[in-house]
Amino acid sequence: MTTDIENTADRPVDRPIRVGLVGAGLIARQHLTAMRRVPELLAVGIASRTRAKAEALAAEFGLGQVCDNPEELVRQARPDALMVLVSPQAVAQVAVQCLDFGLPLFLEKPVGLSVAEAEEAARIAGEKGVLNMVGFNRRHYSIFQKGLRKVLERGRLLSVQVEGSERMAVARGTGRFTEEVLRAWVFANATHPIDLLRHFGGEPEEVCAFATSLHEPLGDQFVACLRFPGGVLGSFTGNWHSPGGWAVVLKGEGVTAEFRPLETCRLTYADGTTEVLEPDADDAAVKPGFTGQLRAFAGLVRTGVLAPPSQDLAGALATMRLAGQFIAPVRPLS
Ligand SMILES: NC(=O)c1ccc[n+]([C@@H]2O[C@H](COP(=O)([O-])OP(=O)(O)OC[C@H]3O[C@@H](n4cnc5c(N)ncnc54)[C@H](OP(=O)(O)O)[C@@H]3O)[C@@H](O)[C@H]2O)c1
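Just so it is clear, the structure is predicted and the values come from calculations on it, not from any experiment.

Cut-off values and rules
Residues numbered from 1 in each chain as written. Predicted model: local features only at pLDDT ≥ 70, side-chain atom pairs only at ≥ 80, totals over all residues. Heavy atoms only, no water. Pairing = 2+ DSSP bridges. Helix = DSSP H or I, 4+ residues; strand = E, 2+ residues; numbered from the N terminus. Axes fitted to C-alpha atoms, helices over the stretch in contact; angles between N-to-C directions. Disulfide = S-S within 2.5 Å. Near = heavy atom within 4 Å. Polar contact = N/O pair within 3.5 Å; in protein donor to acceptor, adjacent residues only side chain to side chain. Nonpolar A, V, L, I, M, F, W, Y, C, P; charged D, E, K, R; others polar. Salt bridge = Lys/Arg side-chain N within 4 Å of Asp/Glu carboxyl O. Buried < 20%, exposed > 50% of the residue type's maximum accessible area, 1.4 Å probe, protein only. Domains from an automatic or database assignment. Contact = heavy atoms within 4.5 Å. Buried area = accessible area lost by both parts, 1.4 Å probe.

Participant: Just give me the short version of the sheet that holds strand E6 (residues 132–134), but keep the residues and values in it.
Facilitator: Taken together, 6 strands build an open sheet; the order of strands is E3-E2-E1-E4-E5-E6 and the sheet is parallel. The open sheet has two edge strands with one neighbour each: strand E3 (65–67) and E6. Within this sheet the neighbouring strands show an average axis-to-axis angle of 25 degrees, counted without direction. With 3 bridges connecting them, strand E5 (residues 105–107) and E6 associate as parallel partners.

Participant: Give a description of the state of the cysteines that names residues and reports values.
Facilitator: Under the defined criterion, the tally for this structure stands at 0 disulfides. Free of any disulfide, Cys-208 has its nearest neighbouring cysteine sulfur in Cys-225, separated by 4.5 Å.

Participant: Hey, could you go over the site of the ligand for me, with residue numbers and the actual values?
Facilitator: Contacts to the ligand come from 25 residues, most closely from Ile-27, Arg-49, Thr-50, Lys-53 and Arg-138. In the model, a nitrogen atom of the ligand is placed 3.4 Å from a nitrogen or oxygen of the Glu-108 side chain. Lys-109 has a polar backbone atom sitting 2.9 Å from an oxygen atom of the ligand. Looking at the shell around the ligand, the elements that each hand over two or more residues are helix H1 (26–35) and helix H4 (91–99). Within the shell around the ligand, the residues separate by chemical class into 10 nonpolar, 8 polar and 7 charged.

Participant: For the pattern of salt bridges, give the residues involved together with the corresponding values.
Facilitator: Under the definition given, this model contains 21 salt bridges. A salt bridge links Glu-120 to Arg-123, with the nearest nitrogen and oxygen atoms 3.1 Å apart. Here Glu-120 and its partner Arg-123 are both found in helix H5 (residues 115–128), 3 residues apart, which amounts to about one turn of the helix. A relative accessible area of 37% places Glu-120 in the partly exposed class. Judged by relative accessible area, Arg-123 falls into the partly exposed class, the value being 41%. Between Glu-206 and Arg-227 there is a salt bridge; the shortest N-O distance is 2.9 Å. In this pair, Glu-206 is assigned in strand E8 (residues 206–213) and Arg-227 in strand E9 (residues 221–227), connecting sequence segments 21 residues apart.

Participant: Report on the domain arrangement of the protein, specifying residues and quantitative values.
Facilitator: Splitting the protein by domain gives domain 1 (17–138 + 291–314) and domain 2 (140–286 + 318–332). Here the C-alpha centre of domain 2 lies 25 Å away from the C-alpha centre of domain 1. Every contact between the two is made by 29 residues of domain 1 and, on the other side, 28 residues of domain 2. Counting the surface lost from both domain 1 and domain 2, the interface buries some 2400 Å², and carbon and sulfur atoms represent 60% of this.

Here's what the structure looks like:
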């Protein structure tokens, strides 16, 4: 997925990229921590809803400007790029607001709680020609790159199996999420594992999905089978009220790579031998995938091109649409 812009005059080429953050929660802290390992990016200011939280992060990470809204942030901190790191229900709305500035945008997922919201954000970004990237950080896991390489060393990728179980009771119990976010959990959170189907398999050519609902109106029991380009097969399961978690299994020729949990990789070969892979130092030190996606964002700002495996709003929309296909056939459990 690539995005190009015509105007290259203002791109910072030989100095750190000045970044402004919108949102001062848990994930903003993770990005700021990861940014310490990415010298191409320099956080210069932050705006959020509750000023005290923005002030606390600014003091901790040495940000020069604390602002009350994105307009003020752009005016006072003069960033080259913005990161939208607000609550799930607010990302699409704040993103649309920030697209007006014309600055390259990094957006946390989800870019909306519905396919329609994601379509609107992608449409406006396209019309305005704004460079953008959506934070599907799992795509940047070093352990995925290493595991996939091992599979491809032996031949073709044959099958991609994704297990996307959510801990719905835990999510509801935290009190951190609004009812609209919990209701749209398939977009708000389950898009992380759903996106991994596209990451490993490409754009599915055929999807056959079933969904039932134990408690969640849009579904909480999912099974889907997919056919990807080249005949690679895929499967997705999600059982949101049963113990389990996120996992990926890649089947190759004489090799199986199992990422369970996602941050680990165990390879099993046809002769019965096994091998355990370790992530890169960056992924071991900070939230996995975060330095990789920040470097990719820096590359986008400097060159105007978003390199794979990153996703822009159009890519995020494709993942949202796939999630929409998974919930479309939902029926209540009898
Ligand atoms: N990639 C990942 O693995 C990952 C993991 C977790 C979360 N996320 C995503 O990251 C985003 C933030 O999550 P979080 O855990 O950091 O949430 P959080 O701790 O609740 O923080 C959200 C922040 O955004 C602020 N905010 C909310 N609405 C706003 C608005 N309209 N304008 C300006 N600021 C606003 C909040 O202000 P207040 O302080 O007033 O509440 C808070 O500072 C979410 O979209 C989530 O889906 C991604």
